[in-house]
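The chain contents come next:
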Amino acid sequence: DEPNEPAPAPAPAASPQPDEAIVAQLVSMGFSENGARRAALAVSNSSPEAATEWVFAHMEDADFNDPLPPPGSSGQAGGGGGGGGGGG
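The rules behind these values
- Within each chain, residue numbers correspond to sequence positions counted from 1 in written order.
- The model is predicted, so local features are restricted to residues of pLDDT at least 70 and side-chain atom pairs to those at 80 or more, both for listing and for counting; the totals for chains, interfaces and linings are taken over all residues.
- Heavy atoms from the whole structure form the basis of all side-chain values; hydrogens and water molecules are not counted.
- Between the N-to-C directions of two axes lies an angle of 0 to 180 degrees, each axis being a line fitted to C-alpha atoms and, for a helix, fitted only over the stretch in contact.
- Secondary structure follows DSSP: runs of H or I at least 4 residues long count as helices, runs of E at least 2 residues long count as strands, and numbering of each begins at the N terminus.
- Put simply, angles under 35 degrees are roughly parallel, angles over 145 are roughly antiparallel, angles from 65 to 115 are roughly perpendicular, and the rest are oblique.
- Note: crossing handedness is left-handed where the near helix turns anticlockwise from the far helix by less than a right angle, and right-handed where it turns clockwise.
- Whether two residues are in contact is decided by their heavy atoms: any pair within 4.5 Å suffices.
- Burial here depends on accessible area, computed with a 1.4 Å probe over protein chains only, as a share of the maximum for the residue type. Under 20% is buried, over 50% is exposed, and the range in between is partly exposed.
- Residue-level confidence of the predictor is summarised by pLDDT, bounded by 0 at the bottom and 100 at the top.
- Aromatic pairs are defined between Phe, Tyr and Trp rings, using the six-membered ring for Trp, whenever the two ring centres lie within 6.5 Å; interplanar angles under 30 degrees are classed as stacked, those over 60 as edge-to-face, and all others as tilted.

**Some points on the packing of helix 1 (residues 20-28) against helix 2 (residues 33-42)**
What describes two packed helices is the angle between their axes and the distance between those same axes. Contact geometry of helix 1 with helix 2 gives a least axis separation of 8 Å together with a crossing angle of 135°. It follows that helix 1 is oblique to helix 2 by the angle criterion. Handedness of the crossing formed by helix 1 with helix 2: right-handed. Contact residues: Glu-20, Ile-22, Val-23, Leu-26 and Val-27 in helix 1; Glu-33, Ala-36, Arg-37, Ala-39 and Ala-40 in helix 2.

**Examining helix 2**
Those residues of helix 2 not exposed but buried are Gly-35, Ala-36, Arg-37, Arg-38, Ala-39 and Ala-40. In this fold, the buried residues of helix 2 make contact with helix 1 and helix 3 (48-58). Ser-44 lies just past helix 2 and shows a positive phi near 55°.

**What about the environment of Ala-36?**
Note that Ala-36 resides in helix 2. Taking the C-alpha atoms as reference points, Ala-36 and Met-59, separated by 23 residues in sequence, lie 9.8 Å from one another. Not counting residues within four places of it along the chain, the set of residues in contact with Ala-36 comprises Val-23, Leu-26 and Val-27.

**Description of the confidence of the model for the protein chain**
Residue-level pLDDT values for the protein chain average 80, and 65% of them are 70 or greater. Below a pLDDT of 50 lies the segment residues 74-82, which in the model reaches 1 contact outside its immediate sequence neighbourhood of four places, other chains included.

**Examining the packing of aromatic side chains**
Scanning the entire structure with this criterion turns up 2 aromatic pairs. Here the aromatic rings of Phe-31 and Phe-56 are separated by 5.7 Å at their centres, their planes lie at 80°, and the arrangement is edge-to-face. Linking Phe-31 in the loop between helix 1 and helix 2 with Phe-56 in helix 3, this pair joins segments that are 25 residues apart in sequence. For Phe-56, a relative accessible area of 53% translates into the label exposed.

Rendered as structure tokens:
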């Protein structure tokens, strides 16, 4: 009995990991490992083809070759802020 509503964005609580098979395939094509990891996560590890398309669309991004933030990092170290939201 789970609602099948598509989520607009991945939940920030969990830290998804890039699919190593997709990363390896992109790296074998000559892309950087960091870029390949970003691509795999950007397409939710859906397929190497989707990740490759993402790479071609984003390979000129300023942060394409930057390392991903470490998994489990609760804060955004140099990120652009975000409202904390206190409970009541």
